[in-house]
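Each chain is listed here by its residues.
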Amino acid sequence: MAALTLTNIDWQLEANPSAHHTDKYSSTELIVRRGQAFTVILTFNRALQTGESLTFTAETGPKPSLQAKTQAVFDISSTASNSTWSAVQQSTDSSSVSISISSPANAAIGRYKLSVQPASGGSASRRTLGTFVLLFNPWSSGDDVFMPDSTEQKEYVLEEFGIVFAGNVNRINKMGWNYGQFQGDILNICLSILDRSLSYRKDPATDVSRRNDPKYVGRVLSAMVNSNDDNGVLQGNWSGNYSGGTSPSSWNGSVEILQKWKDAGFKPVKYGQCWVFASVLTTVLRCLGIPTRMISNFNSAHDADRNLSVDVYYDESGNPLSMGNDSVWNFHVWNESWFTRSDLGPSYNGWQILDATPQEKSAGIYQCGPASLIAIKEGDVDLDYDSPFVFAEVNADRITWTYNIRTREAKPISSETKSIGQFTSTKAVGSYARVDVTNNYKYGEGSQKEREVYEKARTKLGRVHGFSATSEKRPKIDQKPEISGKFKVDGSLEIGKDVSLILVLRNLTSDAKTVKANMTAWTIVYTGKPINEVWKDSLSSTLASEEEKQFPIKITYAEYQQNLTTDNMIRVTALCQIESGIDVVVERNITLDNPDLVMQVLSDAKVNEPVNVEVIFTNPLDQEVKDCVLQAEGSDLLKGKLKIEMPSLQPGQSSKVPFEIIPTKSGTKQLLVNFSCDKFPDVKAFETINVAN
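In short, a report on the structure.

What counts, and at which threshold
Residues numbered from 1 in each chain as written. Predicted model: local features only at pLDDT ≥ 70, side-chain atom pairs only at ≥ 80, totals over all residues. Heavy atoms only, no water. Axes fitted to C-alpha atoms, helices over the stretch in contact; angles between N-to-C directions. Helix = DSSP H or I, 4+ residues; strand = E, 2+ residues; numbered from the N terminus. Parallel < 35°, antiparallel > 145°, perpendicular 65-115°, else oblique. Left-handed = near helix turned anticlockwise from the far one by under 90°. Contact = heavy atoms within 4.5 Å. Nonpolar A, V, L, I, M, F, W, Y, C, P; charged D, E, K, R; others polar. Phe/Tyr/Trp six-rings, centres within 6.5 Å; stacked < 30°, edge-to-face > 60°. Buried < 20%, exposed > 50% of the residue type's maximum accessible area, 1.4 Å probe, protein only. 1 Å grid on protein atoms, 1.4 Å probe; cavity = no way out; pocket = protein on both sides within 12 Å on 5 of 7 lines; lining within 4 Å. Points joined across faces, edges and corners; volume = space filled by probe spheres on them. Pairing = 2+ DSSP bridges. Polar contact = N/O pair within 3.5 Å; in protein donor to acceptor, adjacent residues only side chain to side chain.

## Thoughts on the packing of helix H6 (residues 214-224) against helix H8 (residues 274-288)
Part 1 of the reasoning: Direction vectors running N to C along H6 and H8 enclose 150 degrees, while the axes themselves pass 10 Å from each other. Here H8 runs roughly antiparallel to H6, going by the angle between their axes. Here H6 runs over H8; the crossing is right-handed. Together, Val-217, Gly-218, Leu-221 and Ser-222 of H6 and Leu-281, Val-284, Leu-285 and Leu-288 of H8 make up the contact between the two elements.
Part 2 of the reasoning: Residue composition of the contact of H6 with H8, grouped by class: six nonpolar, two polar and no charged.

Structural data, given as structure tokens:
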């Protein structure tokens, strides 16, 4: 009888991906999820005889080993196993055998080589069947990333688009984002990111064996999505000057960024800011099967010295000073991923915070997380990983100081506990609505429980960093303020128009008070970093007993036009001084709205049929706008990015730009457009399109 030899393998490339929720990947290779059986059909040169058996080997990484669980050798058995690799013969049809192969729910993820060795008394050689990719499995109850709710699985693993919340506490805006985790070569690029990490370079075999653990994979990726230590994907830039690269606000999706990184020979892509880092991390984590969502935190603290308070300084003219490394960002975006915490115990399972934005080093490199969301809310800042930094982002106290540049004396003038960490937001499951998740991160501001948790966190940190929770509690502020103030917006806040505000000052005492206010306005980056002073003024006024007065302020377009960053943000400050009283700082961050970009989809969308789209932009200025470019992208709607150069627009003139999309897959898709010109860097719009078969 002829020796048994393999003539063909059928990877069942329709049935397997459909059963494993991997049918959206653009791949000719089998992609399956761990802890779940998949079927292959092997065809031999003749039928298997009684006594002939098959031995399979599945292996991953450069040095596969049984001990490291990166190699498995298994024969055909009668039943599938939950805890080890196994193969069960399902049926035989003459020379073809259908085999169901199961992997354990804690197998390392990555690309595997599968081989088979027929054994029939003689020695037959091992034959490589090919490769397949194994991913995390949120549909399997034995997996660390198991997510029981099917609508959440769809949103946090399978959804290829979403929105990012940005702006400031007074005005939250949203922009679309194309995650595109199933597009083109993205899965291969995500696996390359793991293979280029510092951990892999140091010890490839150990790194690959640890890829069974979402904690480990998430932490490695939080380091690799920024370029600081490892030539990772994105280089950060918060200077306001983005020459030599792409301005962070110009990106509309992750696919282009990841593709650029690969095409440049894995050199960092310029440039990213927090929402870009978080969006790319969302793409990579969802691609590998870890449920992930985006979180935007407003008035987000960057506590550099780990004392759970941020210090903000002004000079005596009311100018913001860059002193110390603490800062308060208008908003900051990070990720939450869903998995268990075997290292901390089951009460800390669920959402875990990961942050790829390079802010502070952790264990010597720029990485952050996973920090358990429950640990943050309960003040358990001694638990892994990076809990103190995350706790401060949402719950630090804010201390305001004046600084005398001549005498170099800093004086604390106010301390408050409620402004940091507001409107913490994520996208709703299945819609574009904003869901407020602030209460997931902390107990209600002003509640006794919130203060108890804060003091608990300070006490735990004090033990580590050698300060007493009481002695370093807060700087002593001797006096109460005698006046209060606020800036009110008077009219619309639009680029191209003057900014009209009202400074409202109120005397809190029963005695007349004379107030001198030094006022400044600076253009800023969203991190609060001042870029250029655009306006200054001062006023002096006497307020009678408990009197309130209003002072109108105007900052003209001519004053701010040249110095606005792509964030469209201005910070207005008034330093109010009263003789023998304590200084009061009144401050407001304002975000100016871009003009509208109107997008219309002109017909119903069907697979492989052209759909006409029209985008209309009207120049709202009384001057010409030049260098006009429209860009469009959308997974399964356009191949890559569409770029259309447009003519200059005269004052008040509209331009209507038609283009065509051809959807390649059915389902709900997102089309994103971005208009740029010399006066408006990134005006965005997005539209959801339902594509029929």
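Having put the structure on the table, let's press on.
## Observations concerning the packing of aromatic side chains
Part 1 of the reasoning: Applying the stated criterion to the full structure yields 27 aromatic pairs.
Part 2 of the reasoning: Ring geometry for Tyr-25 and Phe-182: centres 4.6 Å apart, planes at 85 degrees, overall edge-to-face. With Tyr-25 in the loop between helix H1 (15-19) and strand S2 (30-33) and Phe-182 in the loop between strand S11 (171-178) and helix H3 (186-195), the pair connects residues that are 157 residues apart, well separated along the chain.
Part 3 of the reasoning: When its relative accessible area of 8% is taken as the criterion, Tyr-25 is described as buried.
Part 4 of the reasoning: A centroid spacing of 6.5 Å and a plane angle of 55 degrees characterise the contact between Phe-161 and Tyr-432, whose relative ring orientation is tilted. Of this pair, Phe-161 sits in strand S10 (residues 161-168) while Tyr-432 is found in the loop between strand S22 (422-427) and strand S23 (434-436), placing the two residues 271 residues apart along the sequence. The same class applies to Phe-161 and to Tyr-432, which are both buried.
Part 5 of the reasoning: Site record: aromatic cluster; members linked through ring pairs are Trp-11, Phe-38, Phe-56, Phe-74, Trp-85, Tyr-112 and Phe-132.

## Section: the layout of surface pockets
Part 1 of the reasoning: Space inside the second largest pocket adds up to approximately 760 Å³.
Part 2 of the reasoning: If you tally residues by element for the lining of the second largest pocket, the top one is S11, at six residues.
Part 3 of the reasoning: Its residues placed into classes, the lining of the second largest pocket shows 14 nonpolar, nine polar and seven charged.

## Section: the pairing of strand S15 (residues 309-314)
Part 1 of the reasoning: Among the six residues that make up S15, six are buried, leaving the element largely enclosed by the rest of the structure.
Part 2 of the reasoning: Taking every second residue as pointing to the same face, both faces of S15 are buried, with Ser-309, Asp-311 and Tyr-313 on one and Val-310, Val-312 and Tyr-314 on the other.
Part 3 of the reasoning: Looking at chain direction, S15 and strand S16 (residues 320-321) are connected through two bridges and run antiparallel. Bridging from a neighbouring strand, Tyr-314 pairs with Pro-320 of S16.

## Describing the environment of Asp-311
Part 1 of the reasoning: Looking at the element boundaries, Asp-311 is found in strand S15.
Part 2 of the reasoning: For the pair Asp-311 and Pro-651, spaced 340 residues apart in sequence, the C-alpha to C-alpha distance is 45 Å.
Part 3 of the reasoning: Once residues lying within four places of it in the same chain are set aside, the contact partners of Asp-311 are Asp-305, Asp-326, Ile-399 and Trp-401.
Part 4 of the reasoning: Within the local environment of Asp-311, its side chain forms a polar contact with the side chain of Trp-401, the two groups lying 3.0 Å apart.

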